Amino acid sequence: MNMHADENSDGVIVPEKRPNKEGLPSAEAVEGRTPPKGNGDETAAARTLRRDNASNGLIAVRQAARQSKSVRFTALLHHITVDLLKRSYLSLERDSAPGIDGVTWQSYGENLEEKLEDLHDKVHRGSYRARPARRTYIPKADGSKRPLSILCLEDKIVQQAVATVLEAIYEEDFLGFSYGFRPGRGQHDALDALHAGILRKQVSWVLDADIRGFFDAMAHSWIIRFLEHRIADKRILRLIAKWLKVGTVEDGRRTRGVCGAPQGAVISPILANVYLHYAFDLWVHRWRLTKASGDMIVIRYADDTIVGFQHEHEAQAFLDDLKERMRKFELALHPDKTRLIRFGRHAANQRESLERGSLKPSTSSASRTSARDHANGARSSSGARRSRSGCEPSYWRSRSSCAG
């Protein structure tokens, strides 16, 4: 494997808390939760793809990424083999809608080996051309619609293969409180961690934070800059840039991508996690170490975050700092979905006292309802694996299927 370590990761903050045991996932090094018992919402095909990867050169990539957080990988494209392309094809949903070319999973399977050989050659010769995605919409819980990009099958195959290569690197970097779109993790694991954090720490204030239009707002320049901390193979970076810029087709009209990562694209989830790893995770980890005097817990699922605090002044200071941090990376918190909530067994009595007195409560009626919802959801999450009763917040339920 060819790589060089001449450059540091541009001064990024490397997490200091690591597992004491080699086999312990990094999640348990941060929040102190018990290891997940299952594979979350991961599909059987994705688990099979990941197990098969243990036999190829990507295990050396993973080991190198684990050994050094400053190594930049200069030769990754050769890991995109015909075999990996085939496993990527087999991992895709077989009944998913076709892209603008109309090619289905079943029809592509005819003369599969010949097609994959040709696709492999195009990728390595540099003649592969990404096609625009077909734009459609799915309803959201609030009555609005979420834009969804339906990719052509060959684009899905190559994106899945590249995502597998990136995952070998970044699963060694991602912090433990990140749960969305990661192997072996899902919304129930996030709820279990939230439950454990509330039980073990003093949490009197909860920040429920949501980034407004996150997938549409990610700046392409920041995506590439963040990737360049670890990826020095220009061919991989060019592939990703193609997928970001190729755009969509809607009602016969093509729109170029100028910002954001298309929801529905196979590559988008890991790009989103890389973006927030640098823009949020490393920053909040350092904030907790250097600025929090009381207890503080963090759970992130994609662009939705729960942060618990022991002290109100630290919760408010964190929220102010977070707004500024998001602005730096061309993001913004959603004003209606981001709330600072009084939390705990005495929260209701304290709110009533505030309402009877001259001071106004710091949360709205909707926020108080949200506080009860989060409390009930956290306390019942220990039974989530047995019942799968849907106690998680609605956005955690919907996120698990948005990148199909």
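These lines cover the structure that appears in this document, whether it is placed above or below. (Residues numbered from 1 in each chain as written. Predicted model: local features only at pLDDT ≥ 70, side-chain atom pairs only at ≥ 80, totals over all residues. Heavy atoms only, no water.)

Some remarks on the nonpolar core
Taken as a class, soluble globular proteins show a tendency for nonpolar side chains to be buried jointly.
Right, so step 1: Counting residues in each nonpolar core, the largest one holds 89 residues, and the members touching the most others are Tyr275, Phe280 and Phe318.
Right, so step 2: For this core, the leading source of residues is helix H12 (residues 268–290), giving 13 residues.
Right, so step 3: Setting aside chain neighbours within four positions, we find Tyr275 in contact with Phe214, Met218, Ala219, Trp222, Ile223, Phe226, Phe329 and Leu331. (Core = buried A, V, L, I, M, F, W, Y, C linked by side-chain atoms within 4.5 Å. Buried < 20%, exposed > 50% of the residue type's maximum accessible area, 1.4 Å probe, protein only. Helix = DSSP H or I, 4+ residues; strand = E, 2+ residues; numbered from the N terminus. Contact = heavy atoms within 4.5 Å.)

What to know about helix H6 (residues 112–125)
Think of an α-helix as 3.6 residues a turn; residues three or four steps apart then line up on the same face.
Right, so step 1: The first and last C-alpha atoms of H6 sit 20 Å apart over 14 residues, in line with the 20 Å expected at 1.5 Å per residue.
Right, so step 2: For H6, the set of buried residues is Leu112, Leu116, Leu119, His120 and Val123. Projection of H6 onto a plane perpendicular to its axis shows the buried side chains occupying an angular sector of 100°, all on one side. Counted as exposed and oriented over 90 degrees from the buried face of H6: Glu114 and Arg125.
Right, so step 3: Against the buried residues of H6 lie helix H4 (82–91), helix H5 (105–108), helix H7 (153–170) and helix H11 (234–245).
Right, so step 4: One or two steps after H6, the chain reaches Gly126, where phi turns positive at roughly 85°. (Expected span 1.5 Å × (residues − 1). Arc of directions from axis to C-beta.)

A closer look at the packing of H7 against H12
Right, so step 1: Close contact between H7 and H12 brings their axes to 10 Å; oriented N to C, the two are set at 30°. By the angle between their axes, H7 is roughly parallel relative to H12. The hand of the H7/H12 crossing is left-handed. Here Ala163, Leu166, Glu167 and Tyr170 of H7 lie close against H12, whose contacting residues are Ile270, Val274 and Tyr278. (Axes fitted to C-alpha atoms, helices over the stretch in contact; angles between N-to-C directions. Parallel < 35°, antiparallel > 145°, perpendicular 65-115°, else oblique. Left-handed = near helix turned anticlockwise from the far one by under 90°.)

Overview of helix H13 (residues 312–328)
Right, so step 1: With 17 residues, H13 should reach 24 Å at 1.5 Å per residue; the first-to-last C-alpha distance of 25 Å fits that figure.
Right, so step 2: Its buried side turned inward, H13 meets strand E5 (205–210), H12, strand E8 (296–301), strand E9 (304–309) and strand E10 (339–342).
Right, so step 3: Glu330 sits one or two residues past H13 and shows a positive phi near 60°.

Considerations on the sheet that holds strand E7 (residues 253–255)
Right, so step 1: Strands sit in the order E4-E3-E6-E7 across an open sheet of four strands; the sheet is mixed. Looking at which strands have only one partner, the edges of the open sheet turn out to be strand E4 (145–150) and E7. Sheet twist, expressed as the average angle between the axes of neighbouring strands with direction ignored, equals 40°.
Right, so step 2: Where strand E6 (residues 248–250) meets E7, three bridges bridge the pair, whose relative direction is antiparallel. Note that in E7 the partner of Val249 across the bridge is Arg254. (Pairing = 2+ DSSP bridges.)

Description of unusual backbone geometry
Right, so step 1: Phi is positive for Asn111, close to 55°, though the residue is something other than glycine.
Right, so step 2: Inspection of the secondary structure puts Asn111 in the loop between H5 and H6.
Right, so step 3: With a phi close to 60°, Ala302 is a non-glycine residue in the positive phi region.
Right, so step 4: With respect to the helices and strands, Ala302 occurs in the loop between E8 and E9.
Right, so step 5: Overall, the relative accessible area of 4% leaves Ala302 in the buried class.

Considerations on the sheet that holds E10
Right, so step 1: Here we have four strands laid out as an open sheet, ordered E8-E9-E5-E10, and antiparallel in their pairing. A strand with exactly one partner marks an edge of an open sheet, and here the two such strands are E8 and E10. Neighbouring strand axes in the sheet, compared pairwise and without regard to direction, differ in orientation by 15° on average.
Right, so step 2: Both E5 and E10 contribute to a ladder of four bridges, which runs antiparallel. Counted as the bridge partner of Leu207 is Leu340 from E10.
Right, so step 3: Set on the sheet, helix H8 (residues 187–200) makes contact with E8 and E9; between it and E8 the angle comes to about 170°.
Right, so step 4: The strands that H12 touches are E8 and E9; relative to E8, the one it contacts most, it runs at about 175°.

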